[in-house]
2 protein chains.
Amino acid sequence: MIILDYKDRRPIYEQVIEKLEELMFLGVLKEHDPMPSVRSLAMDLSINPNTIQRAYAELERRGYIYVVKGKGSFVSENRTMKENRKREFLVQFSDMIDEAIRLGISDQELHQMVEVQYKAAVKITGGGET
Amino acid sequence: MIILDYKDRRPIYEQVIEKLEELMFLGVLKEHDPMPSVRSLAMDLSINPNTIQRAYAELERRGYIYVVKGKGSFVSENRTMKENRKREFLVQFSDMIDEAIRLGISDQELHQMVEVQYKAAVKITGGGET
DNA sequence: ACACTGTATTAATACTCTTAATACAGTTAT
DNA sequence: ATAACTGTATTAAGAGTATTAATACAGTGT
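Quick caveat: nothing in here was measured; it's all calculated off a predicted structure. (Residues numbered from 1 in each chain as written. Chains lettered and ligands numbered in written order. Predicted model: local features only at pLDDT ≥ 70, side-chain atom pairs only at ≥ 80, totals over all residues. Heavy atoms only, no water.)

1. Examining the overall build of chain A
So, step 1. Helix and strand counts for chain A come out as five helices and two strands.
So, step 2. In chain A, the succession of helices and strands from N to C terminus is α-α-α-β-β-α-α.
So, step 3. Over its C-alpha atoms chain A spans a radius of gyration of 18 Å, topping by over 25% the 14 Å that the globule rule assigns to 130 residues.
So, step 4. In terms of overall dimensions, chain A has a C-alpha envelope of 55 × 35 × 25 Å along the principal axes.
So, step 5. Expressed as a percentage of contacts within chain A between residues at least 6 apart in sequence, the contacts between residues at least 24 apart total 49%.
So, step 6. Per element, the accessible surface of chain A, about 8300 Å² overall, is 52% carbon and sulfur.
So, step 7. Charged side chains of chain A number 19 positive and 21 negative; the gap between the two group centres comes to 5 Å. (Helix = DSSP H or I, 4+ residues; strand = E, 2+ residues; numbered from the N terminus. Rg over C-alpha atoms; globule rule 2.2 N^0.38 Å. Contact = heavy atoms within 4.5 Å. Areas by Shrake-Rupley, 256 points an atom, 1.4 Å probe, with all protein chains shown as cover. Lys, Arg positive; Asp, Glu negative; His and termini not counted. Charge placed at Lys NZ, Arg CZ, Asp CG, Glu CD.)

2. Structural notes on the protein's contact with DNA strand D
So, step 1. Not every one of the 23 residues close to DNA strand D is listed here, only the nearest: Ser37(A), Ile12(B), Asn50(B), Thr51(B) and Arg54(B).
So, step 2. Within 4 Å of the protein, the atoms of DNA strand D are drawn from sugar and phosphate moieties in a proportion of 63%.
So, step 3. Elements that contribute at least two residues to the surface near DNA strand D include exactly helix 2 (38–45), helix 3 (49–61) and strand 2 (72–75) of chain A together with helix 1 (12–26) and helix 3 (49–61) of chain B.
So, step 4. Among the residues making up the surface near DNA strand D, the classes are represented as six nonpolar, 10 polar and seven charged. (Near = heavy atom within 4 Å. Nonpolar A, V, L, I, M, F, W, Y, C, P; charged D, E, K, R; others polar.)

3. Here's the deal with a nonpolar patch on the surface
So, step 1. A contiguous nonpolar patch, built from Met1(A), Leu26(A) and Val28(A) and spanning about 350 Å² of accessible area, is present on the exposed surface.
So, step 2. Of note, Met1(A) is situated in the segment before helix 1 (12–26). (Patch = residues over 30% accessible without salt bridge, like charges linked within 9 Å, V, L, I, M, F, W, Y side chains within 5 Å. Salt bridge = Lys/Arg side-chain N within 4 Å of Asp/Glu carboxyl O.)

4. Regarding the protein's contact with DNA strand C
So, step 1. Around DNA strand C there are 23 residues in total, and Ile12(A), Asn48(A), Asn50(A), Thr51(A) and Arg54(A) lie nearest to it.
So, step 2. With respect to DNA strand C, the side chain of Ser37(B) contributes an N or O atom lying 3.0 Å from a phosphate oxygen.
So, step 3. A distance of 3.3 Å is found between a phosphate oxygen of DNA strand C and a side-chain nitrogen or oxygen belonging to Gln53(B).
So, step 4. Every element with two or more residues in the surface near DNA strand C is listed here: helix 1 and helix 3 of chain A together with helix 2 (38–45), helix 3 and strand 2 (72–75) of chain B.
So, step 5. Its residues placed into classes, the surface near DNA strand C shows six nonpolar, 10 polar and seven charged. (Polar contact = N/O pair within 3.5 Å; in protein donor to acceptor, adjacent residues only side chain to side chain.)

5. Here we look at the confidence of the model for chain A
So, step 1. Residues at a pLDDT of 70 or more form 95% of chain A, whose mean pLDDT is 92.
So, step 2. Taken element by element, the predicted model of chain A shows its lowest mean pLDDT in helix 5 (residues 107–125) of chain A (88) and its highest in strand 2 of chain A (98). (pLDDT = per-residue confidence, 0-100.)

Structure below.
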């Protein structure tokens, strides 16, 4: 379910956070679904439970999971998550355009890139079917 | 000339590399200009000369500066740099479009963002006047 | 000779990430 | 109640990296 990349410079717990958020976003982990337990996920990934614990603590802090003591951790109702993600996208996208301008890329070129890339990407991924 | 951000998680030497590359890109540091000496830049930034040395070694490895022993370090003829930067941009931009598709953003929306952001950014920055 | 350049080395310190070994409290099923 | 799960907390150790510090050496220019 999750594959770690040890060549990645970022710490493992961050990768775990990212992957789990992605699974929530994709709907593989649905609202109120139980998260894998700290120990079992640690076993799965062959890493220390403390490292998973750290990732879970951060996910809880972000409001993406909630904890019921003794029972486990569960996926939150995460409307906020998709909003956050979209907000981040918008910021990054406008930064990209600033960079494009610095690089002397014209708006026509940008439009063309959007067009080409969009078609190509949709063809591969299947794109935004909700 | 350079301001370090100690809240940034990345190491100082990486920030120094980034800032110096930016100054070259902007033309503040022109081809064959002398770079500030290791010791003087270290003084300026109130950090250890070794840290600057590390940044310079990396800049040389990337071909952005060249060294004349006993004289100093100088800005390379860096056509490659702008090409590299453009290449990086293209990769990132297509990644962004993939993300947009995941977020269910239509190509029309993307085109509109490009349009709005481009005009706004050019107005502020003055944009790609070379 | 002196004051600059870059470069190299070694040591010490600090910080972060990760693992390991426990321990404790709450839940659930038997 | 006991066993087997949950999450949480703590403490210690190890590894790796970033940074500083103190030198030393070689080349350049005045």
